[in-house]
Each structure stands twice: as C-alpha cells, then as structure tokens.
Amino acid sequence: MSTPTESSTDAVLTPDTAALDGLRLHYRVGGSGPPVVLLHGWPQTGHCWRHVAGPLAADHTVIVPDLRGYGASDKPTGGFDKRTMARDISSLVEHLGHERVAVVGHDRGGRIAHRWALDRPEQVTRLAVLDIAPSRATWQRMDGDLGTKYWHWLFHLQPDLPERLAGADVEGYLRYFLEKWTYAREGLEPSAIAEYVRAFSQPGALRCGFDDYRAHPVDSAHDEEDHAAGRRVTQPLLALWGADGVMGTTLPLLDMWREYADEVRGRAIERCGHFVPEERPAEVLEELRGFLAQGG
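Quick caveat: nothing in here was measured; it's all calculated off a predicted structure.

Asker: Quick question: what am I supposed to make of the overall build of the chain here?
Answerer: For the chain, the count of helices and strands is 16 helices and 8 strands. Over its C-alpha atoms, taken along the principal directions, the chain stretches across nearly 45 × 45 × 40 Å. Expressed as a percentage of the 296 residues in the chain, the buried residues total 57%. Counting only contacts in the chain whose residues sit at least 6 apart along the sequence, the fraction spanning at least 24 positions is 76%. As displayed, the chain has an accessible area near 11,500 Å², and 50% of this comes from carbon and sulfur atoms. Separation between the mean location of the 32 positive side-chain charges and that of the 43 negative ones in the chain comes to 1 Å.

Here's what the structure looks like:
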C-alpha cells in the first residue's frame, strides 16, 4: 500500500460534536478554503480519511463526520435510510455555516453522498464517489457471481442474526473485510484495525452498521421514485475505484454512473482494493485536488 506514515490529521482537524434535531454527530473540521465533506463507509468511521484529510486541509475547509450510528456519533434505533443520513450531514454543514459544499463518499458514504446530491442539488457543488456503483444499478445486476462476492449485503439485511454472529468475534468479522478486500491482503495498519474494532465494539454499533444495510427497502423506494421522475445527478461526478477490488473486476462503473449522472469522469486506481483512501491516499489526493480545483 502507498500509505504514508501516520498523518497529522488529528493535529490539523479539530474534533467536535454537534447536536442536530436530537442527534449528536461527532466530526472533525479544519483548514480553510472551499468546504469539502468526506463521508466514510462500513466497517469504518471518519478515521478512514486520516491520510487524506490533513493534506486536503491545506487549501480546503475539510469536514469529516462520523455518520449516524458510527464511531463517536449517536446510535439511534432508526433513521438509517440514505435520505435521513444525508439530511444529518446537510444539517451539520448548515450548522457550520456553509451553504454549498463538495462531497466525497467512500462505500456507504458514497451512497449517502449520491442521495444528498439528488435531494439537495443546490447544496452540493461536486460529487466524488469511491469504489461504489449506484445502488439501484447494482441490485439490478445482482446475479450468482455478484451475489457470491457481495454476499454481505444479503447477510446484513437479515434481522438480529448478523449481530449475534459478528458480535461473538467483532475483530475476526471486521478483519475478514479489512484484510481480504485490500490489494496486498495484508490488511490496513494495525492501529487502524484496532480503531475500527474499538468503534464497532461499542454498544449498538454493530446494530447500527447493519441497519444501514437493512434500510434497503426504503432506499430502493426512493431510488425508484427518482428514476421514474427522471431525476439525475446534475453536478460533476468523479468516480474512483480499486482496479483489483470487487467493483473494479466485476462492474462497468463509469457506464453505470452515466446512467444516473450527466457529467461523469473517473478511473481505476491500480494495485488497489476496496479501501481506496487508505490503500492509495496519494492517488486519491491527486485526483481530488484536480477535481475540486475546477470549482462549482
């Protein structure tokens, strides 16, 4: 992996908590310049941006939240559809005094970013999605091959059982993904794995992570409504993915995004698996800086 030594993100970004309509969201913020929001996925927290956020804060105001139910944010018993989760981040941005922001999302965070761009196009200037395809298009292509690779989507949808099985060995379950889905198969840094295991060992954390997936029926209904109404992403969209990850080896990502967005560009990042911001942060930074510099 081309990960640098532990970045100085913690020294550059300041941690804080915002109370938003009864939900407390933990976030880090720092830097100056045009605002950009970085949204993490599963099974992670805002920590996944540690190699990207600090350098990006040199010329941007960088906002890195822990999503509803993740990390140090509250763990409610509902509200895990992507519309509600996007509304959380929209409220956070307004709380911080920003009217328009660029958004970067990895994994589940990319799905929230996609929904945010559709629901509040006046607030999102540019959209970058890392190692995901549009949810609706992915489900439409779900066959035996893709289902074998994305079995966890179906497992995480089940009530109660994932918590019981994964809860018996949180570290073992998370390590399966954090190691198997990296290009080198050596996993992420030990300190990063320890941080994610700590985060998902908190009461309610596993449930919330699985509820993110269990929101599929509501999310799907929203996606179908958008499709029927002809709503598309009108902002410039950058798609990046690991050339050696499930997405990069299975799905035609740029073609899929062009079904849902007007202006799409992107590329695969070589020698990279699923965890793009952690496996290849230098390449991600280069792509994001070029994309964000185009304004909006």
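Asker: Would you explain the sheet that holds strand β6 (residues 124-130) in this entry?
Answerer: Think of a sheet as strands paired side by side through backbone hydrogen bonds, with each pair either parallel or antiparallel. Taken together, 8 strands build an open sheet; the order of strands is β1-β2-β4-β3-β5-β6-β7-β8 and the sheet is mixed. Looking along the sheet, the strands with just one partner apiece sit at the ends: β1 (14-20) and β8 (261-269). Neighbour-to-neighbour, the strand axes of this sheet turn through a mean angle of 20°, independent of strand direction. By the bridge criterion, 8 bridges tie strand β7 (residues 233-242) to β8 in an arrangement that is parallel. Bridge pairing in β8 places L240 opposite R267. On the sheet, helix α3 (residues 82-95) packs against β1, β2 (23-31), β3 (35-39), β4 (61-65) and β5 (101-106) and is oriented at approximately 110° with respect to β1.

Asker: Even after reading the chapter, I still don't get helix α10 (residues 190-200), so can you show me in this structure?
Answerer: Every α-helix carries 3.6 residues per turn, so stepping three or four residues along brings you back to the same face. Turning to α10, its buried residues number three or more, namely A192, I193, Y196, V197, A199 and F200. Projected onto a plane normal to the axis of α10, the buried residues spread over an arc of 160° and lie on a single side. Where α10 is buried, its residues contact α9 (170-180), α11 (205-214) and α15 (276-279).

Asker: What exactly am I supposed to notice about the pattern of salt bridges here?
Answerer: Proximity of charged atoms lets side chains of opposite charge pair with each other. By the definition in use, this model includes 24 salt bridges. With a closest N to O distance of 2.6 Å, E189 and R50 form a salt bridge. Taken as a pair, E189 in the loop between α9 and α10 and R50 in the loop between β3 and α2 (53-56) lie far apart in primary sequence, 139 residues in all. Assigned by exposure class, E189 and R50 land together as buried.

Asker: Would you mind going over the packing of aromatic side chains with me for this structure?
Answerer: Describing an aromatic ring pair means giving the distance of the ring centres and the angle of the ring planes. The tally for this structure, following the rule as stated, stands at 16 aromatic pairs. The interplanar angle of 75° and the centroid separation of 6.4 Å between the aromatic rings of W42 and F200 together place this pair among those described as edge-to-face. Here W42, found in the loop between β3 and α2, pairs with F200, found in helix α10; they are 158 residues apart in sequence, far enough to count as distant. Of the two residues examined, W42 and F200, each falls in the buried class. Geometrically, the ring pair formed by Y70 and F200 is edge-to-face, given 6.0 Å between the ring centres and 85° between the ring planes. With Y70 in the loop between β4 and α3 and F200 in helix α10, the pair connects residues that are 130 residues apart, well separated along the chain. When sorted by exposure, Y70 lands in the same class as F200, which is buried.

Asker: Which parts of the structure should I look at to understand the pairing of β3?
Answerer: Here is the key point about a regular strand: its side chains alternate between the two faces of the sheet. Among the 5 residues of β3, 5 are classified as buried, and the element is accordingly described as predominantly covered. Residues of β3 alternate between two faces, with P35, V37 and L39 on one and V36 and L38 on the opposite face, all of them buried. With 4 bridges connecting them, β3 and β5 associate as parallel partners. Looking at β5, one finds that L38 is bridged to V104.

Asker: I'm lost on unusual backbone geometry in this one. Help?
Answerer: Excluding glycine, residues mostly have negative phi values, and the peptide bonds linking residues are mostly trans. Cis geometry marks the peptide bond from W42 to P43; its omega dihedral reads 5°. Even without glycine at this site, D107 takes up a positive phi of about 60°. Assignment of secondary structure puts D107 in the loop between β5 and α4 (108-119).

Asker: Help me out: how do you make sense of the side chain of T45 in this one?
Answerer: Here T45 is to be found in the loop between β3 and α2. If sequence neighbours within four positions are ignored, T45 has contacts with H40, D66, G71, Y196 and A199.

Asker: Looking at this model, I keep getting lost on the packing of α3 against α4. Mind explaining?
Answerer: A pair of packed helices is characterised by two quantities: the angle between their axes and the separation of those axes. It is the contact of α3 with α4, at a shortest axis distance of 8 Å, that shows an interaxial angle of 75°. When the axis of α3 is compared with that of α4, the two are roughly perpendicular. Of the residues in α4, those in contact with K82, R83, M85, A86, I89, S90 and V93 of α3 are R108, R111, I112, R115, W116 and D119. Among the residues making up the contact of α3 with α4, the classes are represented as 6 nonpolar, 1 polar and 6 charged.

Asker: Looking at this structure, I do not really get the environment of G245. What am I missing?
Answerer: Its place among the elements puts G245 in the loop between β7 and α13 (246-250). Overall, the relative accessible area of 7% leaves G245 in the buried class. Linking G245 and R271, residues 26 residues apart in sequence, is a C-alpha distance of 9.1 Å. In this structure, G245 is in contact with C272, G273 and H274, ignoring residues within four places of it in sequence.

Calculation rules
- Residues numbered from 1 in each chain as written.
- Predicted model: local features only at pLDDT ≥ 70, side-chain atom pairs only at ≥ 80, totals over all residues.
- Heavy atoms only, no water.
- Helix = DSSP H or I, 4+ residues; strand = E, 2+ residues; numbered from the N terminus.
- Buried < 20%, exposed > 50% of the residue type's maximum accessible area, 1.4 Å probe, protein only.
- Contact = heavy atoms within 4.5 Å.
- Areas by Shrake-Rupley, 256 points an atom, 1.4 Å probe, with all protein chains shown as cover.
- Lys, Arg positive; Asp, Glu negative; His and termini not counted.
- Charge placed at Lys NZ, Arg CZ, Asp CG, Glu CD.
- Pairing = 2+ DSSP bridges.
- Axes fitted to C-alpha atoms, helices over the stretch in contact; angles between N-to-C directions.
- Arc of directions from axis to C-beta.
- Salt bridge = Lys/Arg side-chain N within 4 Å of Asp/Glu carboxyl O.
- Phe/Tyr/Trp six-rings, centres within 6.5 Å; stacked < 30°, edge-to-face > 60°.
- Parallel < 35°, antiparallel > 145°, perpendicular 65-115°, else oblique.
- Nonpolar A, V, L, I, M, F, W, Y, C, P; charged D, E, K, R; others polar.

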